[in-house]
Each structure stands twice: as C-alpha cells, then as structure tokens.
Amino acid sequence: MATVIKANLKDGAKKAASVVAAPAKSLKTLANNGGELHGPSPNPATNLVIADIALRTATTIARRAVERGVLGASYSPKKAKSILRGRTMGETLLHGALARVALGSVPGAFVVGGALVAKTLYDRSRARQARAEGAAALHEMAEDGAAET
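Note that this is a predicted model, so its numbers are computed, not measured.

A.B. asks: Tell me what's going on with the packing of helix α4 (residues 89–104) against helix α5 (residues 106–125), and back it up with residues and numbers.
C.D. replies: Helix packing for two helices is described by the angle between their axes and how far apart those axes are. Where α4 contacts α5, the axes come no closer than 5 Å and their chain directions differ by 130°. One finds that α4 runs oblique with respect to α5. Touching L98, V101 and A102 of α4 are G108, A109 and V112, all from α5. For the contact of α4 with α5, the per-class residue count stands at five nonpolar, one polar and no charged.

So, in structure tokens, the structure goes:
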C-alpha cells in the first residue's frame, strides 16, 4: 500500500515538473507563431480593453472603499457617503492629476509625497484650528452631497 502511494506521488511529481518547465517555451512559441492565446475574445485588442476596464473598475471600487473607511472612523456611513458625493469636479480632477504625477516618475513621487508630508506637519502644528476647518469643510461637502440626492 505504501509503495503504491509512493509510486503515485513520484508520478505526480514528474508530471508537475514537466508542466512547470513547459509553459515558458510553449507560450513564447505560441505568441511568436501567431498562435491563439486563450481569452474571452479571439481578438487580442479586445482582450486588452476588457482587462483595462476590469482593472480600472476594481481600482475605483477599492479606492471608494478606502475613502469610506477613512471617513467611517469619524463619521456615520450616511454622512461619509454625503461627504464623498459633495466633492467638486475640481477637487476630483486635482486629486487625479496629483496621483498621475506621483505615479509617473520618481521625482514626481518625491514632489507630491514631500508636499503631503509638509501639509501634514503644518496641520499638526496647528491641530486644533485645522481640525475645526476640516470638520467645517466636510460638513459643507456633506450638505452639498445631501442636496444632490
């Protein structure tokens, strides 16, 4: 019984080893020879569009969840949703542009990161006043978001 199990394990290991070694060569050959790669569509451009849309959707969902989580620590879920809805188009575009600059290059990441660190340190130096200003701004955004509903 033990020898049968041992033989089956060896056979399984050999098959797994051959499968792991093969894909790199076979995929390159398949791609270089114009072979058909598997995907939802036979058109590679369509598959790229599908992947791009799926990634952007997942990123947006994750971003919204993080934003709600950050606001959820201090506000009710309803008010957090109103705050997020109350953002202006300018704020949304500015945040997107800053993210692109930070992701686009190392110097851009240093500039944006440095500015965020400086703003955080500045806010901490005048914490009470910054907390009051921030709460007032979020309250105004919540009112704007509630009015849109």
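Having seen it, we continue.
A.B. asks: Kindly report on a negative patch on the surface, identifying the contributing residues and their values.
C.D. replies: A grouping of E140, E143, D144 and E148 is seen on the molecular surface, where their side chains present a negatively charged patch. Along the polypeptide, E140 turns up in helix α6 (residues 127–148).

A.B. asks: Hey, could you go over the packing of helix α3 (residues 77–85) against α6 for me, with residue numbers and the actual values?
C.D. replies: Taken N-terminus to C-terminus, the directions of α3 and α6 make an angle of 85°; their axes are 6 Å apart at the nearest point. Classified by the interaxial angle, the pair formed by α3 and α6 is roughly perpendicular. Along its contact with α3, which presents K79, S82, I83 and R85, the element α6 presents L138, H139, M141, A142, G145, A146 and E148. Partitioning the contact of α3 with α6 into residue classes produces five nonpolar, three polar and three charged.

A.B. asks: Requested: an account of the side chain of S41, with residues and values cited.
C.D. replies: Looking at the secondary structure, you find S41 in the loop between α1 (2–32) and α2 (44–72). Residue S41 is classed as buried on the basis of its relative accessible area, which comes to 14%. Engagement of the side chain of S41 in a polar contact is seen with the backbone nitrogen of N43, the distance being 3.1 Å. Once residues within four sequence positions are removed from consideration, S41 is found in contact with T46 and N47.

A.B. asks: Quick one: what's the story with the side chain of E67, residue by residue and with numbers?
C.D. replies: On the secondary structure map, E67 appears in helix α2. Once residues within four sequence positions are removed from consideration, E67 is found in contact with L84 and R87.

A.B. asks: A description of α2 should follow, citing residues and the corresponding values.
C.D. replies: In a regular helix each residue adds 1.5 Å, so 29 residues correspond to 42 Å; α2 covers 41 Å between its end C-alpha atoms and thus fits that length. The set of residues buried in α2 consists of N47, E67 and L71. Among the structural elements, α3 and α6 are those in contact with the buried residues of α2. Looking at where α2 begins, the residue whose side-chain oxygen comes 2.9 Å from the main-chain nitrogen of A45 is N43.

Criteria and thresholds
Residues numbered from 1 in each chain as written. Predicted model: local features only at pLDDT ≥ 70, side-chain atom pairs only at ≥ 80, totals over all residues. Heavy atoms only, no water. Axes fitted to C-alpha atoms, helices over the stretch in contact; angles between N-to-C directions. Helix = DSSP H or I, 4+ residues; strand = E, 2+ residues; numbered from the N terminus. Parallel < 35°, antiparallel > 145°, perpendicular 65-115°, else oblique. Contact = heavy atoms within 4.5 Å. Nonpolar A, V, L, I, M, F, W, Y, C, P; charged D, E, K, R; others polar. Patch = residues over 30% accessible without salt bridge, like charges linked within 9 Å, V, L, I, M, F, W, Y side chains within 5 Å. Areas by Shrake-Rupley, 256 points an atom, 1.4 Å probe, with all protein chains shown as cover. Salt bridge = Lys/Arg side-chain N within 4 Å of Asp/Glu carboxyl O. Lys, Arg positive; Asp, Glu negative; His and termini not counted. Charge placed at Lys NZ, Arg CZ, Asp CG, Glu CD. Buried < 20%, exposed > 50% of the residue type's maximum accessible area, 1.4 Å probe, protein only. Polar contact = N/O pair within 3.5 Å; in protein donor to acceptor, adjacent residues only side chain to side chain. Expected span 1.5 Å × (residues − 1).

Geometric descriptors of this kind do not, in isolation, establish any biological role.
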